[in-house]
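Commentary on secondary and tertiary structure
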Amino acid sequence: TMNIPSKFSMLIPPFRGQHVWKKVPKLTDDKGMIEVNEYQQSTAYPNIFGVGVCVSIPAVDKTLVPTGAPKTGYMIESQGTAAVKNIRTMIDYAEKHKGDDSADASSVELRNIPLLTGLCITDFGSDGAIFLTR
């Protein structure tokens, strides 16, 4: 037990993925977050896409207190847009090649990559901070 003098403290537990995801072989990292490629597509299952706080994004820097990359609303919207466009590409391919047993929609070349950088402005009452996410 440790005593830290403070007027206000906020503790946030580490993000963890849903336990059910960890039951799927090779879907998640050790914290249960879904591992995706640059197209938001699962690295293990091409028909699964993930966006937002459920995906594994490696930390940018090593810090004294382990932290993950910030997941902003803008970043998540960009991930969602890219995922939707890539899923649409796979659906269009499957519809175009319907009846062709040699066609595999999971091997379609995906091209939509989210923009994962953003300028964040935070308000701390009488103070604040500006930082760039990447």
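Above this text sits the structure in question.
Residues numbered from 1 in each chain as written. Predicted model: local features only at pLDDT ≥ 70, side-chain atom pairs only at ≥ 80, totals over all residues. Heavy atoms only, no water.

Within the protein one finds 2 helices and 2 strands. In terms of C-alpha radius of gyration, the protein reaches 19 Å, well past the compact-globule figure of 14 Å for 134 residues. Projected onto its principal axes, the C-alpha positions of the protein cover 70 × 30 × 20 Å. The burial tally for the protein puts 25% of its 134 residues in the buried class. Considering only residue pairs separated by 6 or more positions, the protein has 34% of its internal contacts joining residues 24 or more positions apart. In the protein, which carries 14 positive and 14 negative side-chain charges, the distance between the mean positions of the two groups comes to 6 Å. (Helix = DSSP H or I, 4+ residues; strand = E, 2+ residues; numbered from the N terminus. Rg over C-alpha atoms; globule rule 2.2 N^0.38 Å. Buried < 20%, exposed > 50% of the residue type's maximum accessible area, 1.4 Å probe, protein only. Contact = heavy atoms within 4.5 Å. Lys, Arg positive; Asp, Glu negative; His and termini not counted. Charge placed at Lys NZ, Arg CZ, Asp CG, Glu CD.)

Below, the discussion takes up the environment of methionine 90. Summarising the element assignment, methionine 90 is placed in helix H2 (residues 73-96). For methionine 90 and serine 106, which are 16 residues apart along the polypeptide, the C-alpha to C-alpha distance reads 7.0 Å. Sequence-distant contacts of methionine 90, that is, excluding residues within four places in its chain, are made with Gln41, Pro46, Phe49, Ala105, Ser106 and Leu110.

Turning to the environment of leucine 27, a few remarks are in order. Residue position: leucine 27 is located in the loop between helix H1 (19-22) and H2. Between the alpha carbons of leucine 27 and threonine 43 there is a distance of 7.4 Å; along the sequence they are 16 residues apart. Filtering out sequence-adjacent residues up to four positions away, leucine 27 remains in contact with Trp21, Met33, Ile34, Glu35, Ser42, Tyr45 and Ile48.

Attention now moves to the side chain of asparagine 86. The residue asparagine 86 is located in helix H2 in this model. The class for asparagine 86 is buried, based on a relative accessible area of 0%. At a separation of 2.8 Å, a polar atom in the side chain of asparagine 86 contacts the main-chain carbonyl oxygen of asparagine 112. (Polar contact = N/O pair within 3.5 Å; in protein donor to acceptor, adjacent residues only side chain to side chain.)

Here lysine 26, not a glycine, exhibits a phi torsion of approximately 65°, which is positive. Structurally, lysine 26 can be placed in the loop between H1 and H2. Here lysine 26 falls in the exposed class, since its relative accessible area comes to 70%. The phi torsion at glutamine 40 lies on the positive side, around 70°, for a residue other than glycine.

With respect to the helices and strands, the residue alanine 59 is situated in the loop between H1 and H2. In this structure alanine 59 comes out as partly exposed when scored by relative accessible area, which is 40%.

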